[in-house]
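Topology and contacts: notes
Chain by chain, the residues:
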Amino acid sequence: MSSYHPIGPVVGIVGAGQLARMSQPPAIALGVELRVLAGAPDESAARVIVDTRIGDYRDLDVLREFAQGCDAITFDHEHVPTEHIRALAKSGHAVHPGADALVHAQDKAAMRERLTAIGVPCPAWARVSSAKDVSGFADEHGWPVVLKAVRGGYDGRGVWVCADAAEAEEAFASGTELMAEAFVPFERELAVLVARSPHGQGVSYPVVETVQQDGICVEVLAPAPDLDQEDAAQAQRIGLKIAHELGVTGLLAVEMFQTARGLVVNELAMRPHNSGHWTIEGARTSQFEQHLRAVLDLPLGSPTMTAQAVVMVNLLGGDDPDLFKRYEHVLAHDPGIKVHFYGKQVRPGRKIGHVTALGSNLDEVRARARHAAVYLTTGEYT
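A brief report on the enclosed structure follows. Quick caveat: nothing in here was measured; it's all calculated off a predicted structure. (Residues numbered from 1 in each chain as written. Predicted model: local features only at pLDDT ≥ 70, side-chain atom pairs only at ≥ 80, totals over all residues. Heavy atoms only, no water.)

1. A few points about a nonpolar patch on the surface
On the surface, a cluster of nonpolar side chains totalling about 240 Å² of accessible area is made up of V159, V161 and F183. Overall, F183 belongs to the partly exposed group, its relative accessible area being 41%. (Patch = residues over 30% accessible without salt bridge, like charges linked within 9 Å, V, L, I, M, F, W, Y side chains within 5 Å. Areas by Shrake-Rupley, 256 points an atom, 1.4 Å probe, with all protein chains shown as cover. Salt bridge = Lys/Arg side-chain N within 4 Å of Asp/Glu carboxyl O. Buried < 20%, exposed > 50% of the residue type's maximum accessible area, 1.4 Å probe, protein only.)

The following block contains the structure:
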């Protein structure tokens, strides 16, 4: 057996995607040691974190063994069975967020029920089990109707925008448990990231605008341009209220629609989130450091911005897998650009990294970030 012993707190992250990977640099600075549970040794975080365990997160025995020696357990994704999270907590492990909170990010119907109960603005919604149910919902709220998988959907997967009963029938053919929501005619999409510690300290990052394409976030603008100060404050209040009422520990991302009638909450995530990647260079405390602080119940860090404008653009895989041959051009062309690769094999449409630009003029910063992202993925100029 190895004589190795951690010299700082150990945070176990279930899942080894890019969120766990990007948690490593702030962990080093904080003196925190990370342990990840990966499904395979070539997963994103497993490539860079020494203490990587291989196993199935759906197996409670695997989770119990993984948790031994960890000061806190947290998650790279929301797919761990709720009953397993309860079992770990019952055994005395500090699990953040806990099962009672995380279920609202795992189960969209549970989320809607709870948010509606605490007075958070949401779309009209209903549980449905057939196209006939959807038609009844549409009689009251109109077509199109948005059908969502109650569990498991992400990045546009598990969402169907149905114009009529025939399209609703096709969605039910997937065999997935669905819920219906009224279509929200929104002006743009916003997101607010908040953090809450076990003893109740909370902070909110500036509200950002997210740009979606085919259900995938492609760009984040921080702060959200031309957002009324009262709307920004309301979005932050909503995020902190949800975190408090649901008992969230760690990070909470709240995705919202801005509409002519005000803000409407769309989705929740209880972990570092794509809408917060800009914070690595763009905030005094990155979302990854903040999450580690929160799950260890350390004082939370400042969420203030380091520049007037920050833009993050996702790198989505294309036809050419060799991004590194264009790396030199991007770095030479704009030394202020920050490039993050996730250690993933390139596949069309897959998130394989992101770029971030900072500055004082949003239009200029946005153009720089877009140029870098487009050239890296396609070799073309914008």
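2. Some thoughts on the nonpolar core
In terms of nonpolar packing, the biggest core is built from 41 residues, with I242, L252, V265 and L268 touching the most fellow members. With 6 residues, the single largest contributor to this core is helix 9 (residues 229-246). Apart from the residues within four sequence positions on either side, I242 is in contact with L115, V120, G247, V248, L252, V254, V265 and L268. (Core = buried A, V, L, I, M, F, W, Y, C linked by side-chain atoms within 4.5 Å. Helix = DSSP H or I, 4+ residues; strand = E, 2+ residues; numbered from the N terminus. Contact = heavy atoms within 4.5 Å.)

3. Section: the packing of helix 7 (residues 131-141) against helix 8 (residues 165-172)
Geometry of a packed helix pair, given as the angle between the helix axes and the separation of the axes. Running from N to C, helix 7 and helix 8 point in directions that differ by 135°, and their axes come no closer than 9 Å. The orientation of helix 7 with respect to helix 8, classified from their angle, is oblique. The crossing of helix 7 and helix 8 is right-handed. Note on element contacts: helix 8 touches helix 7 through A165, A168, E169 and F172, opposite A131, V134 and S135. Residue composition of the contact of helix 7 with helix 8, grouped by class: 5 nonpolar, 1 polar and 1 charged. (Axes fitted to C-alpha atoms, helices over the stretch in contact; angles between N-to-C directions. Parallel < 35°, antiparallel > 145°, perpendicular 65-115°, else oblique. Left-handed = near helix turned anticlockwise from the far one by under 90°. Nonpolar A, V, L, I, M, F, W, Y, C, P; charged D, E, K, R; others polar.)

4. As for the sheet that holds strand 7 (residues 159-162)
Reading across from one edge, 5-8-6-7 is the order of the 4 strands in this open sheet, with antiparallel pairing throughout. Either end of the sheet is taken by a strand with one partner, and the two such strands are strand 5 (125-128) and strand 7. When the angles between neighbouring strand axes are averaged without regard to direction, this sheet yields 25°. Across 5 bridges, the pairing between strand 6 (residues 145-149) and strand 8 (residues 178-182) is antiparallel. Each residue of the ladder has a partner; that of K148, found in strand 8, is M179. Sitting on the sheet, helix 6 (residues 108-117) touches strand 5, strand 6 and strand 8, and the angle it makes with strand 5 is about 145°. (Pairing = 2+ DSSP bridges.)

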